[in-house]
Amino acid sequence: MDLFSVVVILMGLLTLLLSVNEFRLLVLQQKISSQQPDFTNVLNIEVYLATKSLGITTKLVQHSTLAQQAILLRHRDELIERRGS
Amino acid sequence: MFSSFQLELHELSKHVILAYLFLWGLYVVLYRRIDSISLTLTFALFASLVMHTLTPYLYSIASNGGNTIGIALWYLTFCFINIILIFSVRKAHGIFKLKMDKLAVAIPACFLVATFIQLGRLFDRLLFNTGFIADLYVYGIQIVNLLLIVVFALCIFRGKHIT
């Protein structure tokens, strides 16, 4: 066996570790997301874009936070504007 | 060189991508929303399309003299695409704060199994070169592809219960 084959085997082992670790993190996230209340089943793209435009990161948008209230108020204002026109 | 069953499996793989595309399209048209399953199906379809497109190029490199670089490139490229898929699914769910459905985990699980098969064959070719792993590789990848079609189809039924 030449040196390059050894390098490839090491790369293969690294790939194996990487893939198992990534899948472990994925399963962990599945468990976390099923328990956390601020995770949603269906993405509301309007709210997501609103948070983006307001410069609020999704980490801050949680239940009963000021960030979420600001987004809801903005949505209410937009709805009233649309109804008014 | 190939048995008739192996040739049939090869012919089948051409239609697998079309099946993925059809089932993904069906899910998108039926539910019209961004949820855990639609996101995972999109990533899985994209990864499968990339692998399908790269296959002839990688095969021409790998079959050229059967050198170690070609062999490594063939197996490791598919493995890295699978890892990128698992990473993307996890990251996208985190960014959009989406609850991860159990079926959405089943799709990356299938890709993980494919990675094990690819790596198993890579180690076998470099260390032992037994015929047993070669057969397992040919049939294993095709079985994973067919299993993915079943999971894609199950996702359509599961979509009804996501609100």
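Residues numbered from 1 in each chain as written. Chains lettered and ligands numbered in written order. Predicted model: local features only at pLDDT ≥ 70, side-chain atom pairs only at ≥ 80, totals over all residues. Heavy atoms only, no water.

Turning our attention to the overall build of chain A. On a plain count of helices and strands, chain A comes out with 3 helices and 1 strand. Starting at the N terminus and ending at the C terminus, chain A contains elements arranged as α-β-α-α. By residue count, 27% of the 85 residues in chain A fall in the buried class. (Helix = DSSP H or I, 4+ residues; strand = E, 2+ residues; numbered from the N terminus. Buried < 20%, exposed > 50% of the residue type's maximum accessible area, 1.4 Å probe, protein only.)

Residues and elements named next belong to chain B. Tallied over the entire structure, the rule returns 4 salt bridges over all chains. The shortest N-O distance in the salt bridge between Asp101 and Arg158 comes to 2.9 Å. Remark: Arg158 occurs in helix H5 (residues 131–158) and Asp101 occurs in the loop between helix H3 (68–96) and helix H4 (102–127); sequence separation between them is 57 residues. Note that Arg121 is salt-bridged to Asp124, the shortest N-O span being 2.7 Å. One end of the pair is Arg121 and the other is Asp124, both in helix H4 and 3 residues apart, which spans about a single turn. (Salt bridge = Lys/Arg side-chain N within 4 Å of Asp/Glu carboxyl O.)

The next thing to look at is the confidence of the model for chain A. Detail in the predicted coordinates should be disregarded across regions flagged by low pLDDT. Per-residue pLDDT for chain A has a mean of 80; in total, 82% of the residues score no lower than 70. Ranking the elements of chain A by mean pLDDT puts helix H2 (residues 45–53) of chain A last with 73 and helix H1 (residues 3–35) of chain A first with 92. (pLDDT = per-residue confidence, 0-100.)

We now examine the packing of aromatic side chains. Residues and elements named next belong to chain B. Per the stated rule, a full pass over the model turns up 5 aromatic pairs over all chains. Each ring, one from Tyr27 and one from Tyr31, has its centre 4.7 Å from the other, and the planes form 55 degrees; the classification is tilted. You can see Tyr27 and its partner Tyr31 sitting in helix H1 (residues 4–31), 4 residues apart, about one turn around the helix. This pair shows no difference in class: Tyr27 is buried, exactly as Tyr31 is. Pairing Trp74 with Phe78 gives two aromatic rings, centres 5.0 Å apart and planes at 90 degrees, and the pair type is edge-to-face. Pair noted here: Trp74 and Phe78 are both in helix H3, with a separation of 4 residues, about one helical turn. A relative accessible area of 13% places Trp74 in the buried class. (Phe/Tyr/Trp six-rings, centres within 6.5 Å; stacked < 30°, edge-to-face > 60°.)

To continue, consider unusual backbone geometry. Residue and element names in this part refer to chain B. If you check the backbone angles, Arg32 has positive phi at about 45 degrees while not being a glycine. Assessed through its relative accessible area of 72%, Arg32 is described here as exposed. At Lys97, a position not held by glycine, the phi torsion is positive, near 55 degrees. Mapped onto the secondary structure, Lys97 falls in the loop between H3 and H4. Lys97 sits in the buried class, given a relative accessible area of 12%.

Turning our attention to the interface of chain A and chain B. Contact residues are listed per partner, giving 34 residues for chain A and 38 residues for chain B. Here chain A packs against chain B, burying approximately 3,300 Å² in sum over the two surfaces, 74% of which is carbon and sulfur. The largest per-residue losses of area from chain A upon contact with chain B belong to Leu26(A), Asn41(A) and Leu43(A), which jointly make up 18% of the total buried on that side. The interface formed by chain A and chain B includes 1 salt bridge. Ionic pairing is found between Arg90(B) and Glu22(A), a salt bridge with its closest N-O pair at 3.1 Å. Where chain A packs against chain B, one counts 4 residue pairs in polar contact (both at pLDDT 80 or more). Secondary structure elements with two or more residues in the side of chain A that touches chain B: H1, strand E1 (42–43) and H2 of chain A. Per-element accounting of the side of chain A that touches chain B gives the leading share, 21 residues, to H1(A). Here the side of chain A that touches chain B is composed, by residue class, of 19 nonpolar, 12 polar and 3 charged. In terms of strand pairing, E1(A) meets strand E1 (residues 34–35) of chain B through 2 bridges, oriented antiparallel. Considered in E1(B), the bridge of Val42(A) is made with Asp35(B). (Contact = heavy atoms within 4.5 Å. Buried area = accessible area lost by both parts, 1.4 Å probe. Polar contact = N/O pair within 3.5 Å; in protein donor to acceptor, adjacent residues only side chain to side chain. Nonpolar A, V, L, I, M, F, W, Y, C, P; charged D, E, K, R; others polar. Pairing = 2+ DSSP bridges.)

Another point: the packing of H4(B) against H5(B). All names here are of chain B. Orientation of H4 relative to H5, taken along the N-to-C sense of each, is 175 degrees, at an axis distance of 10 Å. When the axis of H4 is compared with that of H5, the two are roughly antiparallel. Counted by class, the contact of H4 with H5 contains 20 nonpolar, 3 polar and 3 charged residues. (Axes fitted to C-alpha atoms, helices over the stretch in contact; angles between N-to-C directions. Parallel < 35°, antiparallel > 145°, perpendicular 65-115°, else oblique.)

With that settled, the discussion passes to the packing of H1(A) against H4(B). For any two helices packed against each other, one specifies the crossing angle of their axes together with the interaxial distance. Look at H1(A) against H4(B): their axes get within 10 Å of each other, and the N-to-C directions meet at 165 degrees. In terms of axis orientation, H1(A) runs roughly antiparallel to H4(B). Along this stretch, H1(A) crosses H4(B), giving a crossing that reads as left-handed. Considered class by class, the residues forming the contact of H1(A) with H4(B) number 18 nonpolar, 6 polar and 1 charged. (Left-handed = near helix turned anticlockwise from the far one by under 90°.)

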